[in-house]
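Results of the structural survey
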Amino acid sequence: MRKRRLIRTIIIVAVCGIIFSIIAMIWMKKDAEEYARWQAQYKGTWVSPDGQYEMMVRRVTSAHIIFSVTNKNNLSLNYASATAVGEGEYSFSYKLSRGMDGSVTAGFGNMGKGVIHLKEKSLSLDVPKLEKFEDGLQFRGALKKKSRLPDIEKKELRALMGKDKPQGKKAEKTLYVAEAQEGKIERVHINWDAASDRKGYEEYEMSGINPVCMVSDLQAQFGDPAAEEELSENRYKRVYRKDGYQYQFITDGYGLVTEGDCQYEKPKRGQRDGDFIREGDTILRYLGDYEKSRTVTLPQGTKKIASGAFTATPDIVQKKYVKSLKLSIPSGIEIERNAFENCSSMQITLEEGWTSVPEEAFAHMVGAGGLRGKAGWVKVNLPRSLRRLEDKAFETNWFEGGEAYTEEDTMGGALEIGVQPVTVLLNEELEYIGDNALYGICNTMLPKKLKYIGANFTLLPGMTFWTTSDVKRQKPNGIYSWEFCYNIALPEQLEDVSEDGLYFWSPEFPLRSVNGNFIVLQIPENAKNVPYLSNMSVIEYSVNEKNNKYSSKDGWLFSRDGKKLYRTTSQIDFSKKQKAQEVTFKAIPKKKYKTYIRIKEGIEEIASQAFVHIVNHYDYELDIQFITPNSLKCIDRGALFESRSYLEFKNRDDRITSVKIAGKVPQFTGDISPDSAYKRKVYVKKQYREKFIKELFEGQQISDKQKIKIKKCIIGY
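Remember, it's a predicted structure, so these values are computed and weren't measured experimentally.

1. Here's the deal with the overall build of the chain
- Within the chain, the secondary structure is distributed over seven helices and 49 strands.
- The burial tally for the chain puts 49% of its 717 residues in the buried class.
- Long-range pairs, those at least 24 residues apart, make up 59% of the contacts in the chain between residues at least 6 apart in sequence.
- Carbon and sulfur atoms provide 48% of the accessible area of the chain, an area that totals close to 35200 Å².

What follows is the structure in C-alpha cells.
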C-alpha cells in the first residue's frame, strides 16, 4: 500500500514538473521572442536631428551591437562592434588617423571610446572629441530612426561546392570562386571586407556565417577551432573542420568575420600535404594563406609544379593585409606552363643548378589591368648557373586593359621602373632570351655574355649605366633643342637580335618623345641582326670593323660590301651634303620644308625598315622623300609600307614620308604588313606603274580592299 502511494506521488510530482517545465519554456520562448523583437527595433538607419550624422545598426544582441557611423565629411567607422557594458549600454573603441593629404580615416584601435545607449524606442550616441582631430568623429545626442534595413536574400557559398563553375553571362562576380578542378568548384573564398562598407558582399554566407557574425557565432556553428593563429592588428585566423569540409575564417580587431574559406577536407584529386595538394610527386595547388610574411617550402619529393598551382583569385590577394611569400625552387623541378599565373605577392628564388627556364613557366604572374603601380608585387631571382630563358618564360601583360587603362600605362607610355609589379633580376651569365621571355618587364641590365635576344626585350637602365656611358652633348646642326645622346654598346658576344628585339628607354624623358634625345648604337663583332628600336632616335650606327655582315658610313647602316642599305638614321646634318645621302630643302608656305634624301649610286638592295628612323622633325614640319638610285635591284616591301614607323601614327600626316623609285621596277622581297596605315606615297615612272603594282602584289596575302588603298599610294610621274 505504501509502495503504491509512493509511486503515485512520484508520478504526480513528475507530471507537475513537466507541466511547470512546459510553462517555463513557453514563458522563456515568449520572453526570448519579445527580447528579439526589442532588439530588432534598433536595426536600421538612424540620423542626427541636423542630418550631420548617420548610424546604421546592422545587428543587436545581448552582447554586441554591430554598426557603422558616418559624419558630414563622409568619415566612416564601417562595420564596428560595440560590447555590452551595462543594461542597454554598449561601448566601442576606435582610432583616427590622418593621411599625407590631410584626410582622416577611422578604424579599430584604442585612441578613443564611444558609447551607444539603447532606450525605449530611441537610441543615443556619444563619440567624444579627440585632440588634433576636430574634423573627425565627434557627436553626443539622440538619433532618430530614419529607415529599416533593406531585406537581403542570402546566398550560401558552400552550396557551390562540387557544382559546375559559372561560365559566360551566368558567372557572377569572381569574389567567391577560388578553386575549380575540371570545371567543378572545389574551393570557395570570400573577402567580406573587400569593400569597406561590405557593399555587394553582405548577401553572401558561408555555412551561415556572414559579415555581421563574430567569434561567438563561429564557436556556436563549428565548435572549437582545429588551429588558431594571431595576425596583425588584433586579427585572428581560425581553422575549423566539420562534415567533411575545412573552413578558415579571419576576424578583425572588433571580432567580426572579414574573410571566409571553404575546401574539401579530403580533396577529390590528390591529397593534402601541409598547405599543398599534391598527387604523387606533383604539386597541384598551394592553398595556404597570404596573411604573414613567410617562407613556403615545397613538400619533400616534389618533382613537378602543375599549371595554376599558385594561382590566386584577386579577392584573395589584392588587399591591404597581404604579405609576400618567399619560395625557393630547387633545380630539377619541372614547372608547367602558367604555374604561377595571377599569383599572390611572392619572392621567388631559383636555386643554383637551374640552366633554363621553360616556356611560359612563370607567365602572367600579374594579369592584364592588374596591380598597376604596385611595385615589386612579384620578384624573381635567377641563379648564376642559368643560361636560357625560353619563349614567354616571364611574359606579363599587366599594363594592358583595366578600367583605368590609358596609353601612358602601356609599354609605349611613360612607365617607370619603380612602379612595375614584376621584376626579374637577371645574371651576367645569361646567354639566350627567347621571344617575349621578358615581355612587359623593364630590365635594368644587358647581360654581358648574351648571344641572342628575342622579341620585346626592354631595357630601362639605371642611372649608373647612363652616366658612365659616353654621352655626347654637342648639339648637332639643324636641331633647335638638344638634351641627351647616349652611346649604347650591345654585348660583345651578341650574335642575333629579333626584329622586335630591343626597346631602349631613357629615364630622363617621356618614352614616346624622341625630340632632343638620341642614341649612338654600337654593333659588336659577332652581330648578325641589328635591332629595330621603336622608340629611340638612332643618330648613328657604329659597327665593329671585324663584323662580317655590317658596315657603317656617315651613321647609316650598310652590308659589309656596302651594296645593301639596312637603316637610315633619325638625324640629318643640314649644314652639308653628306656622302651617303644628298639633302636639299627649300621653304614652302606655312614654314614647311621639302626635303629630298638621295640614296647614293651603288646601293643594290634596300632592307625592311630602312626608312623607319629618319629625320627628327619635331622642330621642323618636313615633307621627306627618299630617292632610290638607278643601281637599285631589290627592295623589301616593308621599306615601302612599314606599319611600325612612328611616322604613320594617326592624325600625324605631317610626318608621312614618300619613296621615289628613280630607275626601273626592282625585285621585291618581304611582305606587306596587313596592319599598315598605307599612307606612305611611292612614286614610280608612269610607264612602269602597272608592272610595279603587279609585282608588288605577287604572293601577298592581302584583301582587295587593302589592294585598293595601296594602289592609291602608288603615283606615276
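Still more ground to cover, so stick around.
2. As for the nonpolar core
- Ranked by size, the top nonpolar core spans 67 residues in total, and within it Phe-310, Ile-329, Phe-340, Phe-362, Leu-389 and Phe-394 carry the most contacts.
- Only strand E19 (282–286), strand E22 (325–329), strand E24 (346–350), strand E26 (378–381), strand E28 (422–425), strand E32 (457–459), strand E36 (517–523) and strand E37 (537–543) provide two or more residues apiece to this core.
- The contacts of Leu-389, once residues within four sequence positions are left out, are Val-357, Leu-382, Phe-394, Leu-426, Leu-430, Tyr-432, Ile-433, Gly-434, Ala-437 and Leu-438.
- Formed by 34 residues, the second largest nonpolar core is a distinct cluster that contains Tyr-53, Leu-75, Ala-82 and Tyr-94.

3. What about the sheet that holds E19?
- Strand order in the open sheet made by the five strands is E17-E18-E19-E21-E23, with mixed pairing throughout. Looking at strand neighbours, the two that pair on one side only are strand E17 (271–273) and strand E23 (334–335), the edges of this open sheet.
- Relative to E19, strand E18 (residues 276–279) runs antiparallel, the two sharing four bridges. Counterpart to Ile-277 in the pairing with E19 is Arg-285.

4. Topic: the pattern of salt bridges
- For the coordinates displayed, the defined rule picks out 21 salt bridges.
- The partner of Asp-261 in a salt bridge is Arg-187, and the shortest N-O contact between them spans 2.8 Å. Of this pair, Asp-261 sits in strand E16 (residues 257–264) while Arg-187 sits in strand E11 (residues 184–191), placing them 74 residues apart in sequence.
- Put simply, Glu-336 and Lys-304 hold a salt bridge, and the shortest N to O gap is 3.8 Å. Pair noted here: Glu-336 is in the loop between E23 and E24 and Lys-304 is in strand E21 (residues 304–305), with a separation of 32 residues, a long-range link.
- Given a relative accessible area of 23%, Lys-304 falls into the partly exposed group.
- When salt bridges with common partners are traced through the structure, they connect Arg-337, Glu-359 and Glu-360 into a single cluster.

5. Focus on helix H2 (residues 215–222)
- Of the residues making up H2, those classed as buried are Asp-217, Leu-218 and Phe-222. Down the axis of H2, the buried side of the element spans an arc of 105°, and every buried residue falls inside it.
- On its buried face, H2 sits against strand E2 (54–60), strand E14 (236–242), strand E15 (245–251) and E16.

6. Examining unusual backbone geometry
- In the Ramachandran plot, Asp-243 falls in the positive-phi region, its phi being about 55° despite a non-glycine side chain.
- Here Asp-243 is to be found in the loop between E14 and E15.
- Unlike most non-glycine residues, Lys-392 shows phi in positive territory, near 60°.
- Position of Lys-392 relative to the elements: it lies in the loop between strand E27 (388–389) and E28.
- Take Lys-392: its relative accessible area is 33%, and that puts it in the partly exposed class.

7. Comments concerning the side chain of Asp-636
- Within the secondary structure layout, Asp-636 lies in strand E45 (residues 634–636).
- Although Asp-636 is buried, it forms no salt bridge, and the closest oppositely charged side chain is Arg-637 at an N-O distance of 6.9 Å.
- Dropping the residues within four chain positions of it, Asp-636 is found in contact with Ile-606, Ala-607, Ser-608, Thr-669, Gly-670 and Asp-671.

8. Some points on the sheet that holds strand E34 (residues 496–497)
- With parallel pairing, the five strands of this open sheet are ordered in space as E25-E27-E29-E31-E34. Two strands lie at the open edges of the sheet, namely strand E25 (356–357) and E34, each paired on one side alone.
- Inspection of the sheet shows strand E31 (residues 452–453) paired to E34 by two bridges, in the parallel sense. Within E34, the position partnered with Tyr-452 by the bridge is Asp-496.

9. Some words on the packing of aromatic side chains
- Taken as a whole and judged by the stated rule, the model has 23 aromatic pairs.
- Residues Phe-362 and Phe-394 carry aromatic rings whose centres are separated by 5.1 Å and whose planes lie at 15° to one another, so their mutual orientation is stacked. A residue pair is termed long-range when its members are at least 10 positions apart, and Phe-362 in the loop between E25 and E26 and Phe-394 in the loop between E27 and E28 qualify at 32 residues.
- Here the aromatic cluster, defined as three or more aromatic residues joined through ring pairs, consists of Phe-222, Tyr-240, Tyr-245, Tyr-247, Phe-249 and Tyr-264.
- Geometry around Tyr-717 places Lys-660 over its ring, the cationic atom sitting 4.7 Å from the centre.

10. Observations concerning the packing of helix H6 (residues 689–697) against helix H7 (residues 704–713)
- Put simply, H6 and H7 touch, their axes get as near as 11 Å, and they point 140° apart. Between H6 and H7 lies a crossing whose hand is right-handed. On H7, the residues that touch Arg-689, Ile-693, Leu-696 and Phe-697 of H6 are Lys-707, Ile-710 and Lys-711.
- Residues that form the contact of H6 with H7 fall into these classes: four nonpolar, no polar and three charged.

11. Observations regarding the environment of Tyr-236
- Along the chain, Tyr-236 falls in strand E14.
- Given the relative accessible area of 23%, Tyr-236 is considered partly exposed.
- Separated by 14 residues in the primary sequence, Tyr-236 and Ile-250 have C-alpha atoms spaced 5.5 Å apart.
- Ignoring any residue separated from it by four or fewer positions in sequence, one finds Tyr-236 in contact with Glu-228, Glu-229, Glu-230, Leu-231, Phe-249, Ile-250 and Thr-251.

12. Here's the deal with the environment of Ala-40
- Structurally, Ala-40 can be placed in helix H1 (residues 2–40).
- A relative accessible area of 41% means that Ala-40 is categorised as partly exposed.
- A sequence separation of 21 residues divides Ala-40 from Thr-61, and the C-alpha atoms of the two residues are 9.1 Å apart.

13. Quick look at the environment of Ile-710
- Residue position: Ile-710 is located in helix H7.
- On the basis of relative accessible area, Ile-710 is assigned to the buried category, the value being 0%.
- Along the backbone, Ile-710 and Tyr-678 are 32 residues apart, and their C-alpha atoms lie at a distance of 6.1 Å.
- Discounting residues that sit within four places of it in the chain, Ile-710 has contacts with Phe-641, Ile-672, Tyr-678, Leu-696, Phe-697 and Ile-702.

14. Regarding H6
- Looking only at H6, the buried set comprises Phe-692, Ile-693, Leu-696 and Phe-697. Angularly, the buried residues of H6 cover 115° about the axis, an arc narrow enough to put them on a single face. In H6, the exposed residues that point more than 90 degrees away from the buried face are Glu-690 and Lys-694.

15. Considering the confidence of the model for the chain
- Chain-level statistics for the chain give a pLDDT mean of 79 and a share of 73% at 70 or above.
- pLDDT under 50 marks residues 573–591. Its contacts with residues more than four places away, or in other chains, come to 45 contacts.
- A low-confidence stretch, residues 643–655 stays under pLDDT 50, and its non-local contacts, those more than four residues away or across chains, total 37 contacts.

Parameters at a glance
- Residues numbered from 1 in each chain as written.
- Predicted model: local features only at pLDDT ≥ 70, side-chain atom pairs only at ≥ 80, totals over all residues.
- Heavy atoms only, no water.
- Helix = DSSP H or I, 4+ residues; strand = E, 2+ residues; numbered from the N terminus.
- Buried < 20%, exposed > 50% of the residue type's maximum accessible area, 1.4 Å probe, protein only.
- Contact = heavy atoms within 4.5 Å.
- Areas by Shrake-Rupley, 256 points an atom, 1.4 Å probe, with all protein chains shown as cover.
- Core = buried A, V, L, I, M, F, W, Y, C linked by side-chain atoms within 4.5 Å.
- Pairing = 2+ DSSP bridges.
- Salt bridge = Lys/Arg side-chain N within 4 Å of Asp/Glu carboxyl O.
- Arc of directions from axis to C-beta.
- Lys, Arg positive; Asp, Glu negative; His and termini not counted.
- Phe/Tyr/Trp six-rings, centres within 6.5 Å; stacked < 30°, edge-to-face > 60°.
- Lys NZ or Arg CZ within 6 Å of the ring centre and 35° of its normal.
- Axes fitted to C-alpha atoms, helices over the stretch in contact; angles between N-to-C directions.
- Left-handed = near helix turned anticlockwise from the far one by under 90°.
- Nonpolar A, V, L, I, M, F, W, Y, C, P; charged D, E, K, R; others polar.
- pLDDT = per-residue confidence, 0-100.

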